[in-house]
Structure formats: structure tokens, C-alpha cells
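A structural walkthrough
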Amino acid sequence: LAETKSTNSKTDGQKSIGAAIAGLAVIDETNFSPLISFFRYFLEAKQMSDDMEDLISDLARGNITTTGERVLMVLANKRPQQPHYEIEHDKEMLLSIFWNDVYPALHDELIVLLQKATMIIADLPIHVANRDSNYFIDLIINLQQTLNRTHKERRIVQDFLKAY
């Protein structure tokens, strides 16, 4: 673990906050603070989702994201005598740890982040909500659909494996 470079010195959402600028360009001063909060929650969820997708390639490059860090912590607990990893040798174990030990909690965290982002949009004054909320709601819906597909595919694979 000590040989890898951790990239999570900032929260996942902070790394992506620049993506919020386009959406904030159309907002008046009164609603700026709630929308910054929206993007913190949404972008943290988006970054976590991306990190889940890129887990193996990130680990292969030594890029330790929050997701990778969680997987490596479980790996270290499962085999304390050999906590380091080699992608070619340990890929299946790393993926198994991700899907069985790390994913369930990450999925729940992502849902909470998206719920918080949705509540902020719902609380915007009606003039802002009418003008801008479709953009923000579409962001949430697209990510939620991705998470739902991932969760469904995981469940299908688990059911298949239980049958055999």
C-alpha cells in the first residue's frame, strides 16, 4: 500500500467542481450557494461512480481513489501477510472484493448523495426551478439510471451464480 500514490486528498466532489461552472453561469446570486451544494453532492456521486468503473485501470496505474482505497483495505484484512497487490495476479480477487465487500456500501452512499442533490433542487425558488432545474434533474436522472443498471447487472450475476 505504501508504494501507491493516493489521489483522494480532496473529496471526490472537489476534484470535479469545475464541471459545475456551466450550470452556475445562469444562476442569480441568491441561489448560488444552494447550487454549489448541489454540485458538491452530485459531483461527488459522479466521481465515485467513475472511480468504480475505472477501479482496475486506476489500480494498475497506482492511482488510488477512494474506491480503490476501500478495496485495498479489505484486501489487507483478508491477507494481512501480503497486503500488496499485482494487477495480473490479483485482478479477480480485487474485483471480487469490490463487488462483494465494497460495492454495497458505495451504492448506498451514492443514493444518499443523489437524494441530497435532488432535495436541493426541489428547494430552489420556483423561478429558478422553472428555468434551470431540468438541466440539474437530468444530470441526476442520468447518473441514477447508470447506478440502477449496474445494480441490476450485479443482482443478475449473483442470481446466476447462486443457481450453479
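Residues numbered from 1 in each chain as written. Predicted model: local features only at pLDDT ≥ 70, side-chain atom pairs only at ≥ 80, totals over all residues. Heavy atoms only, no water.

**Here we look at the overall build of the chain**
Selection criterion: A run of H or I in DSSP becomes a helix once it reaches four residues, and a run of E becomes a strand once it reaches two; helices and strands are each numbered from the N terminus. Only heavy atoms enter the contact rule, under which two residues are in contact if any of them lie within 4.5 Å.
Check the secondary structure of the chain and you find seven helices and two strands. Along the chain, helices (α) and strands (β) appear in the sequence β-α-α-α-α-β-α-α-α when read from the amino end. Sequence-distant contacts in the chain: of pairs separated by 6 or more residues, those separated by 24 or more amount to 72%.

**Concerning the packing of helix α3 (residues 32-53) against helix α6 (residues 87-122)**
Note the cut-off: Each axis is a line fitted through C-alpha atoms, and for a helix only the stretch in contact is used; angles between axes span 0 to 180 degrees, taken between their N-to-C directions. Angular relationships are summarised with four words: roughly parallel below 35 degrees, roughly antiparallel beyond 145, roughly perpendicular across 65 to 115, and oblique for the angles in between. Crossing handedness: left-handed means the near helix sits turned counterclockwise from the far one by under a right angle, and right-handed means the same turn made clockwise. Side-chain classes are defined by residue name, with Ala, Val, Leu, Ile, Met, Phe, Trp, Tyr, Cys and Pro counting as nonpolar, Asp, Glu, Lys and Arg as charged, and the others, Gly among them, as polar.
Look at α3 against α6: their axes get within 9 Å of each other, and the N-to-C directions meet at 160 degrees. Considered as vectors, α3 and α6 are oriented roughly antiparallel to each other. For the pair α3 and α6, the sense of crossing is left-handed. Contact residues: Pro 34, Leu 35, Ser 37, Phe 38, Tyr 41, Phe 42, Glu 44, Ala 45, Met 48, Ser 49 and Met 52 in α3; Phe 98, Tyr 103, Leu 106, Glu 109, Leu 110, Leu 113, Leu 114, Lys 116, Ala 117, Ile 120 and Ile 121 in α6. A breakdown of the residues in the contact of α3 with α6 according to their chemical character gives 17 nonpolar, two polar and three charged.

**Focus: a nonpolar patch on the surface**
Selection rule: Patch members must show over 30% relative accessible area and no salt bridge, and they are joined within 9 Å when carrying like charges or within 5 Å when they are nonpolar side chains of Val, Leu, Ile, Met, Phe, Trp or Tyr. All accessibility values rest on the Shrake-Rupley procedure with a 1.4 Å probe; residue burial counts only the protein chains present in the view. What makes a salt bridge here is a side-chain nitrogen of Lys or Arg within 4 Å of a carboxyl oxygen of Asp or Glu, nothing more.
A surface patch of nonpolar side chains, about 510 Å² in accessible area, is lined by Val 157, Phe 160, Leu 161 and Tyr 164. Considering the arrangement of structural elements, one finds Leu 161 in helix α7 (residues 126-163).

**Overview of the packing of helix α5 (residues 66-78) against α6**
Between α5 and α6, whose axes approach to 9 Å, the crossing angle comes to 125 degrees. Comparing the axis directions of α5 and α6 gives the class oblique. α6 is crossed by α5, and the crossing has right-handed handedness. Only Met 93, Leu 94, Ile 97, Phe 98, Asp 101, Val 102, Leu 106 and Glu 109 of α6 make contact with α5, whose side of the interface consists of Thr 67, Arg 70, Val 71, Leu 72, Val 74, Leu 75 and Lys 78. Each residue belonging to the contact of α5 with α6 can be placed in one class, and the counts come to 10 nonpolar, one polar and four charged.

**A short note on the packing of aromatic side chains**
For clarity, the threshold we go by: Aromatic pairs are defined between Phe, Tyr and Trp rings, using the six-membered ring for Trp, whenever the two ring centres lie within 6.5 Å; interplanar angles under 30 degrees are classed as stacked, those over 60 as edge-to-face, and all others as tilted. Only protein chains enter the accessibility calculation, which uses a 1.4 Å probe; a residue whose area is less than 20% of its type maximum is buried, one above 50% is exposed, and one in between is partly exposed.
Scanning all chains against the criterion turns up seven aromatic pairs. Between the aromatic rings of Phe 38 and Phe 136, the centroid separation amounts to 5.2 Å while the plane-to-plane angle is 70 degrees, which identifies the pairing as edge-to-face. With Phe 38 in helix α3 and Phe 136 in helix α7, the pair connects residues that are 98 residues apart, well separated along the chain. A relative accessible area of 0% means that Phe 38 is categorised as buried. Centroid distance Phe 98 to Tyr 103: 6.0 Å. Interplanar angle 65 degrees. Geometry classified as edge-to-face. Chaining the aromatic ring pairs together yields one cluster made of Phe 38, Phe 39, Phe 42 and Phe 136.

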